[in-house]
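# Architecture at a glance
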Amino acid sequence: MAVIFYMSSLSKPITYELPHGTDKLLHFIEYAVLGFLMSYSLKKSGVKRYILRGWLFAALYALTDEIHQAFVPMRNASIFDFGADSIGGIIGSFIFKKIS
């Protein structure tokens, strides 16, 4: 989460130097990792419905991340980024379920 926050704080993120459309893939991957790790942590803590809660936590963090970006110079909040983040979070949670 700290890495995501840091990357969101940059006025000129790395995506400016990548091919067009790559940023959604990066959003997907970083939130898939977050969803995976949240589900893992919740399961190890004995929380029931850890997949759903892991995804909801990742999606909530994605929402706060987009709001945060609205206040960073040269950045903006995007519903499409939020969508890629949320989809990544649920996929990461399901990947954890499949391998655990």
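Our subject is the structure that appears above.
Description of the structure in this document. Each chain carries its own residue numbering, running from 1 in the written order of its sequence. Given that this is a predicted model, residues contribute local features only at a pLDDT of at least 70 and side-chain atom pairs are listed and counted only at 80 or more, while totals for whole chains, interfaces and linings are drawn from all residues. Hydrogens and waters are ignored; side-chain quantities use all the structure's heavy atoms.

### Considering unusual backbone geometry
For residues other than glycine, phi is negative in most cases, and the peptide bonds are mostly trans. To keep it simple, the criterion reads: The secondary structure listing takes helices from DSSP runs of H or I that are at least 4 residues long and strands from runs of E that are at least 2 residues long, numbered from the N terminus.
One non-glycine residue, Arg49, lies in positive phi territory at about 55°. Turning to its location among the elements, Arg49 is positioned in the loop between α2 (22–44) and α3 (50–69). We note that Met74 has phi near 70°; this positive angle belongs to a residue other than glycine. When you line up the elements, Met74 lands in the loop between α3 and α4 (79–99).

### Observations concerning the side chain of Arg75
Rules: Throughout, exposure labels follow a simple rule: accessible area from a 1.4 Å probe, protein chains only, divided by the maximum for the residue type, with under 20% read as buried, over 50% as exposed, and the rest as partly exposed. Positive residues here are Lys and Arg, negative ones are Asp and Glu, while His and the chain termini are left out of the count. By definition, a salt bridge exists where a carboxyl oxygen of Asp or Glu is found within 4 Å of a side-chain nitrogen of Lys or Arg. What qualifies as a polar contact is a pair of N or O atoms within 3.5 Å, subject to a donor-acceptor requirement within protein and to the restriction that residues adjacent in sequence count only when both atoms come from side chains.
Mapped onto the elements, Arg75 comes out in the loop between α3 and α4. One buried charged residue, Arg75, remains without a salt bridge, the closest side chain of opposite sign being Asp81 at 6.0 Å. Within the structure, the side chain of Arg75 is placed 3.2 Å from the backbone oxygen of Met7, a separation counted as a polar contact.

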